Amino acid sequence: MDDLPDSHFRELIHPYTGDVTEVRRPARGFSSDFAAVIRAEAGRFFVKAMFNQPGGRLDSLNRERDIAPYVESVSPRLLWSADGEGWVILGFEAIDGRTSSFDLDSADLPVIVETLNRAAAIPTPSVARDWPETRWDAFAADEAEAELFRGTSLLHTDINPSNIMIGPDRAWIVDWSWPTRGAGFIDPATFVVQLISAGHTPAEAEAWAAGCRAWQVADSRAITAFAKATMRMYGHSARSSPAAGWLQAMEDAARSWVRYRDRA
């Protein structure tokens, strides 16, 4: 039994994989309808899929497929994709790596900073022209603050330990579900709030972000506005989903960051 979702799914991937012999679901859930590392006649693949139904979740998978050719320098390669009546499926190379650690004593942190700099150096492709970053706009104090988040850099926008994979001699940024075009400091800023949540002081977290070139040239006002918008965003989400304790933890981390920046 290969534990694939259904026979239609199996038929869609068979031209690319051959017969599947093993399916290993990740310990941590992904925001997709199916995700697994599979072993098959044609090799090993990380497979990610959504039900073929219009809407935001499918849009995110399509966006990940569209950006994949441009981020191969920092991300596992997309090897094939399959569209059918029931499913849209992406097949990536299966990498040998582990999730990163953002802890205080983590040896991964210099590697993560270097990887963020490699990602920041990727030219923004034309496909991202119509993907302006607007998700923090509703939580900015006003339109003028929201304008501080505009820019021309290609952004990942969800830098967290699960999305940075560490291998023996390199690292990858995975799960490009919502790449956008915006201010370059935003990816290092999402790194900062995650570091604070992992136990770093705001000063320590910002010291790591300072290794990112996009952070070094950022307007301090923009970073402060983003910290406050992030706090409001997580606060809104935490109140909407009170059972999701991690949202409250992220609001607390962002609030700590805002207090630090207001004192600076």
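Everything in this summary refers to the structure shown in the same document.

### Quick notes on the sheet that holds strand β4 (residues 78-83)
Logical step 1: The strand order β1-β2-β3-β5-β4 describes an open sheet built from five strands, whose pairing is antiparallel. With partners counted over all chains shown, the strands left at the sheet margins are β1 (20-24) and β4, one partner each. Adjacent strand axes in the sheet meet at a mean angle of 25° when their direction is disregarded.
Logical step 2: Inspection of the sheet shows β4 paired to strand β5 (residues 87-93) by five bridges, in the antiparallel sense. Residue pairing in the sheet places D83 in a bridge with V88 of β5.
Logical step 3: In the packing of helix α1 (residues 7-17) onto the sheet, contacts are made with β1, β2 (34-40), β3 (43-51), β4 and β5, and the angle to β4 comes to roughly 145°.

### Thoughts on the sheet that holds strand β9 (residues 171-173)
Logical step 1: In spatial order, the strands read β6-β8-β9; together these three strands make up an open sheet with antiparallel pairing. At either end of the open sheet lies a strand with only one pairing partner, and these are β6 (98-99) and β9.
Logical step 2: For strand β8 (residues 164-166) and β9, the ladder comprises three bridges, and the chain directions are antiparallel. Within β9, the residue paired with I164 across the bridge is I173.
Logical step 3: Along the sheet face, helix α3 (residues 109-120) touches β8 and β9 and points at about 50° away from the line of β9.

Conventions and cut-offs
- Residues numbered from 1 in each chain as written.
- Predicted model: local features only at pLDDT ≥ 70, side-chain atom pairs only at ≥ 80, totals over all residues.
- Heavy atoms only, no water.
- Pairing = 2+ DSSP bridges.
- Helix = DSSP H or I, 4+ residues; strand = E, 2+ residues; numbered from the N terminus.
- Axes fitted to C-alpha atoms, helices over the stretch in contact; angles between N-to-C directions.
- Contact = heavy atoms within 4.5 Å.

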